[in-house]
Amino acid sequence: MSARTREELARWARDLEGKEPAEILSAVTAAFPPGRVGFATGFGPEGCVLVDVAARARLPLDVFTIDTGTLFPETYALWNRLEARYGLSIRRVASATADAPVADGAAPPWEADPDRCCELRKVLPLRAELARFDAWVTAIRRDQTADRAGAAIVEWDERFGLVKVNPLAAWSSADVWRHVRAHEVPTSPLHDQGYASIGCAPCTTPVGAGEDPRAGRWRGRAKKECGLHARPVALRPPTPTPTPTPTPTSTPTSTPPRSFARGGFILWLTGLSGAGKSTLSRVLQAALATERPVEILDGDEVRTYLSAGLGFSKEDRDTNVRRIGFVARLLARNGAAAVTAAISPYAETRNEVRSLAERDGVPFVEVFVSAPVAALAARDVKGLYRKALAGELTRFTGVSDPYEPPERPDVVVRTDVETIDESVETILEHLRARGLLRPGDARTAEERAS
Ligand code: SF4
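What you see is a predicted model, and the numbers here were worked out from it, not measured in a lab. (Residues numbered from 1 in each chain as written. Predicted model: local features only at pLDDT ≥ 70, side-chain atom pairs only at ≥ 80, totals over all residues. Heavy atoms only, no water.)

Draft legend 1. Layout of the overall build of the protein. Looking only at helices and strands, one finds 15 helices and 11 strands in the protein. Per-residue burial over the protein gives 51% buried out of 450 residues. Once local pairs closer than 6 in sequence are excluded, the contacts in the protein between residues at least 24 apart make up 75%. Element-wise, carbon and sulfur atoms account for 52% of the exposed surface of the protein, whose accessible area totals about 20,300 Å². (Helix = DSSP H or I, 4+ residues; strand = E, 2+ residues; numbered from the N terminus. Buried < 20%, exposed > 50% of the residue type's maximum accessible area, 1.4 Å probe, protein only. Contact = heavy atoms within 4.5 Å. Areas by Shrake-Rupley, 256 points an atom, 1.4 Å probe, with all protein chains shown as cover.)

Right under this line is the structure:
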């Protein structure tokens, strides 16, 4: 440790005070070698905000979470939503004791000795994980607890022996929720049920009006920290290297969008079951595959290979759509025309997929494959619509489960009154008008038939 380095870290903290989280994270990731800055998230709203910030700015953070094995199901679902929404992987770091059995008659470890339980399930796995980093990012805020009140933007973490970065240290809870709303950041649905601070399920309860947000953690005990952010934290230099370079004012707040292979786009077909999405997608593939790869993401195939195990609740349907959107985006970024053929019943989720694509510079074309239920029932050889209309099938989209038609689709095709070729031509015309298809690029109906 040298006095000069200690002063540098303190000065860096002062320079970063008042900067936006994106600026802070940009400065930190620029100051350390690639792969040496980790971000441990527990999926609180603050952590979700930092995931959003890092993803938008495309910062090279190694994002991970300590899976104690006792998290809420909603937390695991949020984990999936964040990965799908931002197209990143949040690494699971498992607690060694997560699956340890509890002897008959014995109190579970979180009741018998919660400090020891946190030490084993959280602190030790985190310590082992942090050994691979020079700096770790946390989502703590100064106004959360007395222990956190003195947090600097960057500081030396005495407990774990590396630089600790707290980009939200100066934020209030209101700042966090303002960002969540402004950027539609996914957060836990448990917040709507009165859970303010969410940790492991056995140790977290909702809070009442006027209660401290962390009053629901380890309720009835003095314990309010799991030990990850306990003081003392003293300013000390990172050892042995690297020394952070205090250049926050020259650090960009974000990196420019990636450049993508030319020609890729997403053609998102949405509509009721039997409306003709799969048929349209195959004909579109034949029409478009003259100068670019065309890949179809068909709803039925996706549910077999990509979304096996998902059911038909709104949450599962949304997850399925987000996965399709994620893969479509990857394909389009690499020059393919990604044609999706899935019911995708909820407008909000479709809009979310569109936003992510457009954020990445991927053109997104929403096609409403429209046909009334009566027409679909009339041509339904499997008799599913008849059963659903008779009340024999639950969760049948458009009859016993919601379908939200697009309010402003890019293209509408009416498959109850148009031929497939007419619908395809309508879509191709739109692609030409958008500059996504040059005249003569697509195969005509005659060429497709020959
Ligand atoms: S929060 Fe509870 S269950 Fe989770 S590690 Fe701590 S004591 Fe154990």
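On we go.
Draft legend 2. Examining the packing of aromatic side chains more closely. As enumerated under the stated definition, the model contains nine aromatic pairs in all. A centroid spacing of 5.5 Å and a plane angle of 75° characterise the contact between F72 and Y195, whose relative ring orientation is edge-to-face. Taken together, the positions of F72 in the loop between β2 (62–67) and α4 (73–86) and Y195 in the loop between α7 (173–183) and β7 (265–270) put the pair 123 residues apart, joining distant regions of the chain. Among the aromatic residues, ring-to-ring pairing joins F43, Y76 and W79 into one connected group. Here the guanidinium or amino end of K314 rests over the ring plane of Y346, the centre of that ring lying 4.5 Å away. (Phe/Tyr/Trp six-rings, centres within 6.5 Å; stacked < 30°, edge-to-face > 60°. Lys NZ or Arg CZ within 6 Å of the ring centre and 35° of its normal.)

Draft legend 3. Inspection of the environment of G38 at higher detail. Tracing the backbone through its elements, the reader meets G38 in strand β1 (residues 37–40). Separated by 95 residues in sequence, G38 and F133 have C-alpha atoms that sit 6.3 Å apart. Residues within four places of G38 in sequence aside, it is in contact with D62, F64, F133, A135, W136 and V137.

Draft legend 4. View of the sheet that holds β7. Strand order in the open sheet made by the five strands is β8-β9-β7-β10-β11, with parallel pairing throughout. With one partner strand each, in any of the chains shown, β8 (294–298) and β11 (411–414) form the two edges of the open sheet. The mean inter-strand angle of the sheet, taken between neighbouring strand axes irrespective of direction, is 20°. Of the strand pairs in this sheet, β8 and strand β9 (residues 337–341) are connected by five bridges, and their pairing is parallel. Across the sheet, the residue bridging to L297 is T340, located in β9. Its contacts with the sheet place helix α10 (residues 314–333) against β7, β8 and β9, and it is angled at close to 150° to β7. (Pairing = 2+ DSSP bridges. Axes fitted to C-alpha atoms, helices over the stretch in contact; angles between N-to-C directions.)

Draft legend 5. Molecular detail of the site of the ligand. Around the ligand sit T70, W110, P114, C117, C118, R121, K122, C200, C203 and W218, and that is every residue in its neighbourhood. Counting residues per element, the shell around the ligand draws most heavily on helix α6 (residues 114–130), which supplies five residues. Classifying every residue of the shell around the ligand gives seven nonpolar, one polar and two charged. (Near = heavy atom within 4 Å. Nonpolar A, V, L, I, M, F, W, Y, C, P; charged D, E, K, R; others polar.)

Draft legend 6. Seen up close, the side chain of T187. Position of T187 relative to the elements: it lies in the loop between α7 and β7. Overall, the relative accessible area of 15% leaves T187 in the buried class. Contact partners of T187, with chain neighbours within four places excluded, come to P45, C48, L78, R81, W177 and V180.

Draft legend 7. Spatial organisation of empty space enclosed by the protein. Scanning the entire structure with this criterion turns up three cavities of 30 Å³ or more. Its volume calculated, the largest cavity comes out at about 90 Å³. What lines the largest cavity is a set of 14 residues, and nearest its centre among them are C118, K122, C200, C203 and W218. At four residues, the largest contribution of residues to the lining of the largest cavity is made by α6. Residues belonging to the lining of the largest cavity are distributed by class as follows: seven nonpolar, four polar and three charged. (1 Å grid on protein atoms, 1.4 Å probe; cavity = no way out; pocket = protein on both sides within 12 Å on 5 of 7 lines; lining within 4 Å. Points joined across faces, edges and corners; volume = space filled by probe spheres on them.)

Draft legend 8. Broad picture of the sheet that holds strand β3 (residues 91–94). Taking strand neighbours across the sheet as the criterion, the six strands line up as β3-β2-β1-β4-β6-β5 in an open arrangement whose pairing is mixed. Edge strands, defined here as strands with exactly one partner in the open sheet, are β3 and β5 (154–157). The average undirected angle you get between the axes of adjacent strands in this sheet is 35°. Relative to strand β4 (residues 135–137), β1 is paired through three bridges, and the arrangement is parallel. Bridge assignment links F39 to a residue of β4, and that residue is V137. Along the sheet, α6 makes contact with β1, β2, β3, β4 and β6 (162–165), crossing β2 at roughly 150°.

Draft legend 9. Examining the pattern of salt bridges more closely. A full pass over the atoms with the stated rule returns 22 salt bridges. Between R91 and D62 there is a salt bridge, with the nearest N and O atoms lying 3.0 Å from each other. Placement of the pair is R91 in strand β3 and D62 in strand β2, with a sequence separation of 29 residues. We note a salt bridge from R432 to E425, for which the minimum N-O separation is 3.1 Å. R432 gets classed as partly exposed once you look at its relative accessible area, which sits at 24%. Among the charged side chains, a network of salt bridges with common partners joins D62, R91, E129 and R132. (Salt bridge = Lys/Arg side-chain N within 4 Å of Asp/Glu carboxyl O.)

Draft legend 10. Region of interest: unusual backbone geometry. Although it is not a glycine, F43 sits at a positive phi angle of roughly 70°. A positive phi is found at R395, a non-glycine position, where the angle reads about 55°. By relative accessible area, which is 47% here, R395 ends up partly exposed.

Draft legend 11. Main features of the pairing of β11. Every second residue of β11 is oriented toward a common face, the buried set being V411 and V413 and the non-buried set V412 and R414. Here four bridges tie strand β10 (residues 364–370) to β11, and the two strands are oriented parallel to one another. If you follow S370 over to β11, its bridge partner there is R414.

Draft legend 12. Local environment of the environment of P293. Along the polypeptide, P293 turns up in the loop between α8 (277–288) and β8. A residue is classified by how much of its surface remains accessible, and P293, at 46% relative accessible area, is partly exposed. Between the alpha carbons of P293 and A332 there is a distance of 9.6 Å; along the sequence they are 39 residues apart. Those residues within four positions of P293 in sequence are excluded, and the remaining contacts are G335, A336 and A337.

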